[in-house]
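# Analysis of the macromolecular model
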Amino acid sequence: MLLGVLAGVAAEGGGSAPGLPLVCQRLARVDDDAWPVFNMASFDQDKVRTFGDFQYSPYWDADKTLVVARRDLRDNTVQTVRLEGRTLTVNPRDGHRNTVVGVSPADGRLHLSWDHHCNPLRYGASRAGFLTSPPAAMTAADFEPPRPLLPGSELESMATYPRFLNNPGGALHFIYRQGASGGGDTYVYRYAAESHAWIRVGTTHLFSRRGSYAPWENSRTRNAYLNDTLFDAQGRLHVTWCYRESGATWASNHDLHYAYSDDGGATWRNNAGAVIADLPKGNPIELADPGIVVQPIPVFSWLMNQTAMCIDRTGQPHVVTFHLAAPERPVGKLAHDPPPEIGARLSLFHYWRTPDRTWHSSGPVMPLRTRPGILCDRDDNLIVYYAAGGKVSVHIALSRSGWQSWRHGEIALDGVSLVDVSKPDLGRMARDGVLSFALVTAEAGGRRGFALADFALLPVP
């Protein structure tokens with residue numbers, strides 16, 4: 001296991017692909033013996049965050065203990081600190097149990113949440129000033145003991161899918177699901193740095209389970225599966241989601257939904273701008289609200305939940321997901337996953353909104369059955385990436401074509417075989433124009449490593 005201070009390893013050669021405007025600049029190996037079962041997932045928002053001269057990312061080591069990695073962006077060196085006692089405690093082979101990180105610039109704290117799948121919320125933070133006056137060497141003493149978000153809250157008993165996000169002013173928000181698949185509620189919190197306290201936004205959850213959905217045997221309970229939840233540069237909070245009617249199968253996932261908030265998540269508007277929810281008044285978003293379905297996608301389309309979203313320079317969302325071009329119900333008993341003959345026909349779809357409030361569709365682009373990372377570069381080209389065959393598979397939709405023209409390729413990194421990649425460090429992209437993310441690598445003896453990589457984004461010819 002690699003602990004302490006590590007020298008960053010630069011990737012040389014094999015870090016680019018003809019026709020793709022990406023070049024691997026640096027690779028920093030963090031740990032060559034991390035937890036081998038999983039170390040990232042599609043709902044890791046954020047998995048990697050930059051603040052000042054340092055980049056931070058949490059992961060599980062081989063002993064199932066939570067580790068915080070800090071990379072110095074000036075020289076590519078890495079420090080790690082193990083947080084003893086914060087371990088995978090329930091079903092450690094369950095890939096839902098991952099780790100996310102947040103930052104609160106006002107008090108200089110690093111925030112962590114880890115190890116959930118319908119069990120008590122796990123949350124903790126560093127001491128104040130840890131980010132703004134970073135120590136020369138991190139120690140476990142830099143991190144305060146775990147604590148609940150709200151002491152005594154009954155809403156933290158069955159937590160899943162935690163995510164941190166910051167508005168343009170730096171204020172930190174936290175979102176998670178309370179309850180189970182097919183019957184869960186999403187809650188929104190904001191952080192008060194002056195008191196080191198979390199405040200629930202409104203008096204109710206963001207999405208209601210209410211309503212009857214006729215296409216799925218008049219289902220009367222559901223949960224919203226979010227893609228990324230993102231603030232744009234003007235402070236508008238965008239959410240996209242699908243509903244799942246049954247936790248037993250994602251055949252019940254349906255429709256691309258969209259809403260936005262201009263007050264940090266208190267009141268919500270549909271695609272046309274009409275108010276549909278007011279959380280302080282106890283009114284959440286619900287199935288029957290008008291104008292929230294922006295792309296009808298029927299049940300049995302095998303629409304994947306919790307995929308990816310990014311925001312372009314005009315403040316508009318782009319969503320990448322995968323599903324069938326036309327719905328199909330399999331023969332025989334319905335299972336959680338589609339049978340192989342259906343799964344082989346799942347395709348990537350790109351959906352996006354333009355400033356006139358119109359939503360557009362790419363149609364099926366290519367076969368896909370893995371949740372990707374996405375971002376818009378500084379020219380608004382959409383970059384879709386994921387790990388495949390030990391390499392980074394990259395697919396770019398060109399903004400000058402209205403995102404209808406695509407380029408495809410893959411990038412091999414010398415001496416590195418990829419198993420998985422995280423979503424991007426969006427703060428690093430906004431500040432430095434660099435695509436940076438975490439990697440799970442295949443190591444000798446069946447081990448799995450954890451690393452951080454930077455890719456330069458070149459002008460598209």
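Residues numbered from 1 in each chain as written. Predicted model: local features only at pLDDT ≥ 70, side-chain atom pairs only at ≥ 80, totals over all residues. Heavy atoms only, no water.

### As for the overall build of the protein chain
On a plain count of helices and strands, the protein chain comes out with two helices and 30 strands. Over its C-alpha atoms the protein chain spans a radius of gyration of 21 Å, differing by no more than 12% from the 23 Å that the globule rule assigns to 461 residues. Its C-alpha atoms put the protein chain at 60 × 55 × 45 Å along the principal axes. The 461 residues of the protein chain split such that 61% are buried. (Helix = DSSP H or I, 4+ residues; strand = E, 2+ residues; numbered from the N terminus. Rg over C-alpha atoms; globule rule 2.2 N^0.38 Å. Buried < 20%, exposed > 50% of the residue type's maximum accessible area, 1.4 Å probe, protein only.)

### Concerning the pairing of strand β30 (residues 448-457)
Counting buried positions along β30 yields nine of ten residues, so the element is predominantly enclosed. Here strand β2 (residues 22-34) runs beside β30; their pairing, made up of nine bridges, is antiparallel. Its bridge partner lying in β30, R29 is registered against A451. Bridge count for strand β29 (residues 434-442) against β30 is nine bridges, and the pairing is antiparallel. Along β30, the bridge assignment pairs S436 with D454. Remark: five residues form the turn of the hairpin made by β29 and β30, two consecutive strands paired antiparallel; G445 in that turn has positive phi of roughly 70°. (Pairing = 2+ DSSP bridges.)

### Details of empty space enclosed by the protein
Enumeration according to the criterion identifies four cavities of 30 Å³ or more in this entry. Contributing to the lining of the largest cavity are D44, Q45, D46, D228, L230, M309, I374, K423, P424 and L426. Grouping the constituent residues of the lining of the largest cavity by class yields five nonpolar, one polar and four charged. Counting only elements with at least two residues in the lining of the second largest cavity, the list comes to β10 (159-166), β11 (172-180) and β14 (223-231). Sort the elements by how many residues they give to the lining of the second largest cavity and β14 lands first, with four residues. (1 Å grid on protein atoms, 1.4 Å probe; cavity = no way out; pocket = protein on both sides within 12 Å on 5 of 7 lines; lining within 4 Å. Points joined across faces, edges and corners; volume = space filled by probe spheres on them. Nonpolar A, V, L, I, M, F, W, Y, C, P; charged D, E, K, R; others polar.)

### A short note on the packing of aromatic side chains
Per the stated rule, a full pass over the model turns up 24 aromatic pairs. Residues W352 and W403 carry aromatic rings whose centres are separated by 5.9 Å and whose planes lie at 65° to one another, so their mutual orientation is edge-to-face. Of the two residues, W352 is situated in strand β22 (residues 347-353) and W403 in the loop between β26 (391-397) and β27 (406-411); the sequence distance between them amounts to 51 residues. Comparing W352 with W403, the two get one shared label, buried. Each residue in the set Y123, F164, F174, Y176, Y187, Y189, Y191 and W198 is aromatic and connected to the rest through ring pairs, giving one cluster. A cation sits over an aromatic face here: R70 above F54, 4.2 Å from the ring centre. (Phe/Tyr/Trp six-rings, centres within 6.5 Å; stacked < 30°, edge-to-face > 60°. Lys NZ or Arg CZ within 6 Å of the ring centre and 35° of its normal.)

### Observations concerning the sheet that holds strand β7 (residues 99-104)
If you trace the three strands from one edge of the open sheet to the other, you get β7-β8-β9, paired in antiparallel fashion. The outermost strands of the open sheet, each flanked by one partner alone, are β7 and β9 (123-125). Adjacent strand axes in the sheet meet at a mean angle of 20° when their direction is disregarded. Across six bridges, β7 lies against strand β8 (residues 109-114) in antiparallel orientation. Counterpart to G102 in the pairing with β8 is H111. (Axes fitted to C-alpha atoms, helices over the stretch in contact; angles between N-to-C directions.)

### Here we look at the pattern of salt bridges
Oppositely charged side chains can form a pair if their charged atoms are brought close together. As enumerated under the stated definition, the model contains 27 salt bridges in all. For the salt bridge of D72 with R74, the shortest nitrogen-to-oxygen distance reads 2.9 Å. Accessibility expressed as a relative area gives 11% for D72, which makes it buried. The salt bridge partner of R431 is D432, with a shortest N-O separation of 3.0 Å. For R431, a relative accessible area of 44% translates into the label partly exposed. Taken together, the shared-partner salt bridges connect R26, R71, R428, R431, D432 and D454 into one network. (Salt bridge = Lys/Arg side-chain N within 4 Å of Asp/Glu carboxyl O.)

### What to know about the sheet that holds strand β12 (residues 183-192)
Strand order in the open sheet made by the four strands is β10-β11-β12-β13, with antiparallel pairing throughout. Of all the strands in the sheet, just β10 and β13 (197-200) have a single pairing partner and so form its edges. Averaged over all pairs of adjacent strands, the angle between their axes in this sheet comes to 30°, without regard to strand direction. Looking at chain direction, β12 and β13 are connected through four bridges and run antiparallel. Paired with Y191 across the bridge in β13 is W198.

### Describing the layout of surface pockets
In this model, the largest pocket occupies a volume close to 990 Å³. In this structure, the largest pocket is lined by 37 residues; those nearest its centre are F231, D232, L426, G427 and A430. Elements supplying a minimum of two residues to the lining of the largest pocket: β3 (49-51), β10, β14, β20 (308-311), β24 (373-376) and α2 (426-432). A per-element tally of the lining of the largest pocket places α2 first, with six residues. Taken together, the residues that form the lining of the largest pocket break down as 16 nonpolar, eleven polar and ten charged. Computed from the structure, the second largest pocket encloses a volume of approximately 690 Å³. Lining the second largest pocket are 32 residues, and of these A41, S42, F43, M304 and R371 lie nearest its centre.

### Looking at the nonpolar core
Among the nonpolar cores identified, the biggest contains 49 residues, and F207, W241, W268, I285 and L382 are the most heavily contacted of them. Every element with two or more residues in this core is listed here: β14, β15 (237-244), β18 (275-278), β20, β21 (317-323), β22, β24 and β25 (382-388). Sorting elements by how many residues they give to this core places β15 first, with four residues. Apart from residues no more than four positions distant in its own chain, I285 is found in contact with L206, F207, S208, W241, Y243, A259, W268, I276, A277 and I292. (Core = buried A, V, L, I, M, F, W, Y, C linked by side-chain atoms within 4.5 Å. Contact = heavy atoms within 4.5 Å.)

### Digging into unusual backbone geometry
Of the consecutive residues Q45 and D46, the connecting peptide bond is found in the cis state with omega at 0°. Within the fold, D46 resides in the loop between β2 and β3. The phi torsion at N218 lies on the positive side, around 55°, for a residue other than glycine. Secondary-structure assignment places N218 in the loop between β13 and β14. Of note in this structure, W403 is not a glycine but carries a positive phi near 60°.

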